[in-house]
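Here are the chains, one letter per residue:
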Amino acid sequence: MTAQLLLVQALNGLQLGILLFLVAAGLTLVFGVMDFINLAHGVQYMLGAYLGAAFAAATGSFWWGLALALPAALAAGLVLEVLVFRHLYARDHLSQVLATFGVILFLNEGVKVVWGAAPLQVPIPPLLDGGIEISPGLQYPIYRVAVLGAGLATAALLWWLVERTRAGMLVRAGATNAPMVAALGVDITRLFTLVFAFGAMLAGFAGVLAGPIFSVEPGMGDHVLILAFVVIVIGGIGSIRGAFLAALLVGLIDTLGKSLMPNLMRLFLDPSSARQAGAALASMLVYVAMAAILAFRPAGLFPVRTG
Amino acid sequence: MREAWAPLAVLAAFAAAPLIGYSGAYETTLMARAMILGMAAVALAFLVGGAGLVSLGHAACLGVGAYAVAILDAHGVTEAAVVLPAAIGAAALFALATGAVAIRTSGVHFIMITLAFGQMAFFTASSLAAYGGDDGYTLYGRTEVAGTRLLEDRLAFHYLCLAALTLTWASCAMLLASRFGRVLRAARENAQRVEAVGLAPYPFRLIAYAIAGAVGGLAGFLLANATEFVSPATLSWQRSGELLFMVILGGAGRLWGGILGALVFVMLETWLAQQTPHWKLVFGPMLVLAVLFLRGGLAGLVARRG
């Protein structure tokens, strides 16, 4: 374990954190504004990855794939909202969990029918192929740096949208007290639909970006979904700022834990059981962190609703 | 009070099935699966409908019970007198430890934190390389009862599952009707008022959570014996979702809805899987429709007719 390896892992962790943030941002907004728990948000990330892969393969260009996948992900989000989710806003959380679970089953199987069960490979666009030297003798893939940059830019854009525009003001107001916003004459249903579709597109964007790094396969959204839930619970539901910080935290904990834990365990155990115990501990680390934070701050780090 | 007969009718149907010709390996395997999942679903209905605790990590308790069987099996311990208490105890302890943190939260946070604990158990199970890791672990044989291979007998196992299911349902129903259950139900409706009359809901909820966990452990013990195989899939979060679906399908307000929901779920899943390998393509939308239109669940339908 050298300082260089640590640097690479930290960068990987940040980049996972950024992807998580893109997924969690939509989730936390939908959750904060509509009090709607959407398990199907993870499959929207998966759908984005598949759409990106399919369009990229059809057009032969990653960029066209990205350009076409974003509106397609947005449209998919709209269709789902109108068909299913809209009817669930007034229902209890249990109904929401189950109905969106049904959507997960359908879409996970659906992509299997359309694209097959085998993972798809998405080539890295030639423009971003290769590596850059981040310290003497250490190459880091340009694509991953680009993902980091794109994610940060999106986060900045999102911050501007939420904090500085009228639509963003309504979203923040909705997260604090939705009935009051409706009473002041805002068409809350339209706001809900917009927020929802936008969140779906952000998740889809994360999916397209993740395509060349992770394999595109059915069920790829489930793991991300659960990590995104951890992120918004740690960050405080409805808080974009909380989601951003918590996403980076979770990304770092997960990635660094997976590379450091087995080595750390080797101090106490023999190599084979150290690998086993280390892997187990590393996968649990994120959840332990969440439990610890919730034990002290049950509403997360940056709670939006007071009382 | 015709509704009171409905759960007894379902249990009686399970009891009669092997006597009227449904005693083949295929039928009894299916029924055992339905009864075992029904047991877990009843415990979950006790939590959801009784205490208002929507857990999305109930499969983890099942898994802890099942893995207790597997781990003891790997070390040559197959005596039920040891294995059964170990499975139930481990699951109850797991529920007690995770519940102690989870019950401090409420609403959506509770759903997510139980989901997170479930995932924690899932990853732990996948990393147990000595017990099969991701691939799972095949038992050397079913658990022995006082040195005999009683559980290998198809009918004995069938009636054991039925007895466990009946016991689970009856004790959960009695618990809910007792003073303990009254506090749980009152806290579900309005926790503040319960506190105002001088009772803290927390210990009541925690005990309810641990009891549901113990029942999950019992179901896990039976499940491991039914399939003679344990894998991390037993405690995947999808399984927790399926258990919640059984509760809702049956009717969350009624304990026996869990039994009905599990039975219909298992039959539906088996039938659909025979029609097409992509059965989830049909099953997913059915789930959505059931949530949207079948309020009160199947048990609610029965009750309205009755």
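Residues numbered from 1 in each chain as written. Chains lettered and ligands numbered in written order. Predicted model: local features only at pLDDT ≥ 70, side-chain atom pairs only at ≥ 80, totals over all residues.

### Description of the overall build of chain A
The helix and strand inventory of chain A stands at 10 helices and 2 strands. Reading the secondary structure of chain A in the N-to-C direction produces α-α-α-α-β-β-α-α-α-α-α-α. Since a compact globule built from 307 residues should have a radius of gyration of about 19 Å, the 20 Å found for chain A is in line with a globular shape. The C-alpha extent of chain A, read off along each of the three principal axes, is 60 × 50 × 35 Å. (Helix = DSSP H or I, 4+ residues; strand = E, 2+ residues; numbered from the N terminus. Rg over C-alpha atoms; globule rule 2.2 N^0.38 Å.)

### With respect to the overall build of chain B
Counting its secondary structure elements, chain B contains 13 helices and 2 strands. For chain B, the C-alpha radius of gyration of 19 Å lies close to 19 Å, the compact-globule estimate for 306 residues. Considering chain B as a whole, with its 306 residues, one finds that 52% of them fall into the buried category. The contacts of chain B with a sequence gap of at least 6 include a subset with a gap of at least 24, amounting to 80%. (Buried ≥ 20, exposed ≤ 12 C-beta atoms within 10 Å, placed from the backbone. Contact = placed C-beta atoms within 7 Å.)

### Digging into helix H6 (residues 166-183) of chain A
All names here are of chain A. Taking 1.5 Å per residue as the helical rise, H6 with its 18 residues ought to reach 26 Å, whereas the 17 Å between its terminal C-alpha atoms falls clearly short. Roughly 125 degrees is the biggest bend found in H6, and it falls at Asn 177, with proline Pro 179 one to four residues downstream. Looking at H6, one finds that the buried residues are Val 171, Gly 174, Ala 175 and Val 181. Looking at the buried positions of H6, the neighbouring elements they touch are helix H1 (3-34), helix H5 (142-164) and helix H7 (188-210). (Expected span 1.5 Å × (residues − 1). Bend = angle between axes of the 7 residues up to and from the residue.)

### Concerning the packing of H1 of chain A against H7 of chain A
Residue and element names in this part refer to chain A. At their nearest, the axes of H1 and H7 sit 8 Å apart, and the two run at 165 degrees to each other. When the interaxial angle is binned, H1 and H7 end up roughly antiparallel. For the crossing formed where H1 meets H7, the hand is left-handed. Between H1 and H7, the contacting residues are Leu 19, Leu 22, Val 23, Ala 25, Gly 26, Leu 27, Leu 29, Val 30, Val 33 and Met 34 on the first element and Phe 192, Val 195, Phe 196, Phe 198, Gly 199, Ala 200, Leu 202, Ala 203, Phe 205, Ala 206, Leu 209 and Ala 210 on the second. (Axes fitted to C-alpha atoms, helices over the stretch in contact; angles between N-to-C directions. Parallel < 35°, antiparallel > 145°, perpendicular 65-115°, else oblique. Left-handed = near helix turned anticlockwise from the far one by under 90°.)

### Looking at the pairing of strand S2 (residues 138-141) of chain A
All names here are of chain A. As paired elements, strand S1 (residues 131-135) and S2 share 4 bridges and run antiparallel to each other. For Glu 133, the partnering residue across the bridge sits in S2 and is Gln 139. Hairpin geometry of S1 and S2 is characterised by an intervening segment of 2 residues between the two adjacent antiparallel strands and by a positive phi of about 80 degrees at Gly 137. (Pairing = 2+ DSSP bridges.)

### Examining the confidence of the model for chain B
All names here are of chain B. Within chain B, residue pLDDT values average 88, and 98% of them lie at 70 or more. Ranking the elements of chain B by mean pLDDT puts helix H13 (residues 297-305) last with 73 and helix H9 (residues 201-227) first with 94. The ipTM value of the predicted complex is 0.84, and its pTM value is 0.88. (pLDDT = per-residue confidence, 0-100.)

### What about the interface of chain A and chain B?
One frequently used descriptor of interface size is the decrease in accessible area upon assembly of the parts. Taken together, the 35 residues of chain A in the interface contact 36 residues of chain B. Those elements giving two or more residues to the side of chain A that touches chain B turn out to be helix H4 (93-115), helix H8 (220-235) and helix H10 (271-296) of chain A. Sort the elements by how many residues they give to the side of chain A that touches chain B and H4 of chain A lands first, with 16 residues. Residue composition of the side of chain A that touches chain B, grouped by class: 25 nonpolar, 8 polar and 2 charged. (Nonpolar A, V, L, I, M, F, W, Y, C, P; charged D, E, K, R; others polar.)

### Quick look at unusual backbone geometry
Residue and element names in this part refer to chain B. Within the chain, Glu 228 stands out as a residue other than glycine whose phi angle is a positive 55 degrees. Residue position: Glu 228 is located in the loop between H9 and strand S2 (229-230). Residue classification places Glu 228 among the partly exposed residues on the basis of 18 C-beta atoms within 10 Å.

### Section: the confidence of the model for chain A
Across chain A, the average pLDDT comes to 85, with 98% of residues at 70 or higher. Ranking the elements of chain A by mean pLDDT puts S1 of chain A last, at 76, and helix H2 (residues 41-59) of chain A first, at 91.

### Let's talk about the packing of H1 of chain A against H8 of chain A
All names here are of chain A. Packing of H1 against H8 brings their axes to within 9 Å, and their N-to-C directions diverge by 60 degrees. For H1 against H8, the interelement crossing comes out right-handed. Residue-level inspection shows Leu 20, Val 23, Ala 24, Leu 27, Thr 28 and Phe 31 of H1 in contact with H8, the latter providing Val 224, Leu 227, Ala 228, Val 231, Ile 232 and Gly 235. Taken together, the residues that form the contact of H1 with H8 break down as 10 nonpolar, 2 polar and no charged.

### Regarding the nonpolar core
Core analysis: the largest hydrophobic core is formed by 219 residues, its most contacted members being Leu 20, Val 230 and Val 231 of chain A together with Leu 44 of chain B. Of the residues forming this core, the biggest block, 17 residues, is contributed by helix H2 (residues 25-51) of chain B. (Core = buried A, V, L, I, M, F, W, Y, C linked by C-beta atoms within 7 Å.)

### Notes on the environment of Val 48 of chain B
Tracing the backbone shows Val 48 of chain B in helix H2. Sequence separation between Val 48 of chain B and Ala 146 of chain B is 98 residues; the distance between their C-alpha atoms is 37 Å. With sequence-adjacent residues up to four places away left out, Val 48 of chain B is seen in contact with Leu 94 of chain A together with Leu 53, Val 54, Val 247 and Ala 252 of chain B.

### Observations regarding the environment of Ala 226 of chain B
All names here are of chain B. The topology assignment puts Ala 226 in helix H9. Given 20 C-beta atoms within a 10 Å radius, Ala 226 is considered buried. Between the C-alpha atoms of Ala 226 and Thr 28, which are 198 residues apart in sequence, the distance is 10.0 Å. Each residue touching Ala 226, except ones within four places of it in the same chain, is listed here: Ala 32, Arg 33 and Ile 36.

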